[in-house]
Amino acid sequence: MFWSLALFAYLLGSLSFAIVLSRLSGSPDPRSSGSGNAGATNMLRLAGRKLAILTLLGDLCKGMLPVLLARLAGLDQQEQAWVGVGAVLGHLFPIYFRFQGGKGVATAAGMLMALYFPAALLAIGAWLLTFYLTRTSSLAALIATPLTLPLLAWREPEALLPMTVLTLLIVWRHRNNLRDLFAGRERHF
């Protein structure tokens, strides 16, 4: 059951709402416009608030659904977390879109909402506060994601290894943003 759900999570995660919605609306492909990222933040820049919200909701749900199904199937906490990582990997490297996906932040948030809601609240709160203070989405993600690790180590240690891998993946996907942040060239809202 674990491998079936992990494959399902990857395939669901590969469904890029930013790309699909941009095609349906006639908006520019987010992978070749704006920041080049197939995610909600770039959709806000390119297509407006409505499509950005729809992208965000779709990305949250595709992270949440596989974890909830894994729980219903009786998988343990660590297996649920690995299934969630499968959804995020699908978002990062979508099979349907030549493996050119987003950065995985919203999908990871959806995964955390289903896995351990207090960690999701911590991440969302940190993201909102950082974004409010800096108006920089990438910096908010780079602060919010690692902040969940100590809480998980304390309260849900079974999920720590998969979340650590996920955090490293998200930081790696933001490597260009990190370079731009250090050089003072990162995009702000």
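Residues numbered from 1 in each chain as written. Predicted model: local features only at pLDDT ≥ 70, side-chain atom pairs only at ≥ 80, totals over all residues. Heavy atoms only, no water.

### Here we look at the overall build of the protein chain
Here is step 1 of the chain: Secondary structure assignment for the protein chain yields ten helices and zero strands.
Here is step 2 of the chain: Element order for the protein chain, N to C, with α for helix and β for strand: α-α-α-α-α-α-α-α-α-α.
Here is step 3 of the chain: Taken against the 2.2 N^0.38 rule, which gives 16 Å for 189 residues, the C-alpha radius of gyration of the protein chain at 16 Å falls within 12% of a compact globule.
Here is step 4 of the chain: Taking all 189 residues of the protein chain together, the buried fraction comes to 50%.
Here is step 5 of the chain: Partitioning the intrachain contacts of the protein chain with sequence separation of at least 6 by distance along the chain shows that 64% fall at a separation of at least 24.
Here is step 6 of the chain: With the model as given, the accessible surface of the protein chain reaches about 9200 Å², and the carbon-plus-sulfur share is 67%. (Helix = DSSP H or I, 4+ residues; strand = E, 2+ residues; numbered from the N terminus. Rg over C-alpha atoms; globule rule 2.2 N^0.38 Å. Buried < 20%, exposed > 50% of the residue type's maximum accessible area, 1.4 Å probe, protein only. Contact = heavy atoms within 4.5 Å. Areas by Shrake-Rupley, 256 points an atom, 1.4 Å probe, with all protein chains shown as cover.)

### Observations concerning the pattern of salt bridges
Here is step 1 of the chain: One pass over the structure, following the stated rule, counts four salt bridges.
Here is step 2 of the chain: Asp29 is the salt-bridge partner of Arg31, the closest N and O atoms lying 2.7 Å from each other.
Here is step 3 of the chain: For Asp29, a relative accessible area of 23% puts it in the partly exposed group.
Here is step 4 of the chain: With a closest N to O distance of 2.9 Å, Arg185 and Asp180 form a salt bridge. (Salt bridge = Lys/Arg side-chain N within 4 Å of Asp/Glu carboxyl O.)

### Considering helix α7 (residues 117–134)
Here is step 1 of the chain: With 18 residues, α7 ought to run about 26 Å at 1.5 Å a step, and its terminal C-alpha atoms sit 25 Å apart, in line with that.
Here is step 2 of the chain: Among the residues of α7, those classed as buried are Ala119, Ala120, Ala123, Ala126, Thr130 and Phe131. Relative to the axis of α7, the buried residues are bounded by an arc of 135° and lie together on one face. Every exposed residue of α7 that faces more than 90 degrees away from the buried side is listed here: Leu129, Tyr132 and Leu133.
Here is step 3 of the chain: Summarising the contacts, the buried residues of α7 are in contact with α6 (105–115) and α8 (137–155). (Expected span 1.5 Å × (residues − 1). Arc of directions from axis to C-beta.)

### Focus on a nonpolar patch on the surface
Here is step 1 of the chain: Residues Leu7, Leu11, Leu15, Ile95, Tyr96 and Phe99 make up a contiguous nonpolar surface patch of roughly 540 Å² in combined accessible area.
Here is step 2 of the chain: As for its placement among the helices and strands, Tyr96 is situated in the loop between α5 (77–92) and α6.
Here is step 3 of the chain: Judged by its relative accessible area of 45%, Tyr96 is partly exposed. (Patch = residues over 30% accessible without salt bridge, like charges linked within 9 Å, V, L, I, M, F, W, Y side chains within 5 Å.)

### Details of the UniProt feature "transmembrane region" (unreviewed entry) in the protein chain
Here is step 1 of the chain: The sites that carry the UniProt feature "transmembrane region" (unreviewed entry) are, in the present numbering, residues 51–69, 81–99 and 105–129.
Here is step 2 of the chain: Overall, residues 51–69 shows 100% helix and 0% strand. The separation of its end C-alpha atoms is 27 Å.
Here is step 3 of the chain: The annotated region residues 105–129 carries 96% helix and 0% strand content, and the separation between its end C-alpha atoms amounts to 16 Å. (UniProt positions renumbered as here; feature names shortened; annotations may be inferred.)

### With respect to the side chain of Thr130
Here is step 1 of the chain: Along the chain, Thr130 turns up in helix α7.
Here is step 2 of the chain: When its relative accessible area of 10% is taken as the criterion, Thr130 is described as buried.
Here is step 3 of the chain: A polar atom in the side chain of Thr130 sits 2.8 Å from the backbone oxygen of Ala126.
Here is step 4 of the chain: Residues within four places of Thr130 in sequence aside, it is in contact with Arg135, Leu139, Ala140 and Ile143. (Polar contact = N/O pair within 3.5 Å; in protein donor to acceptor, adjacent residues only side chain to side chain.)

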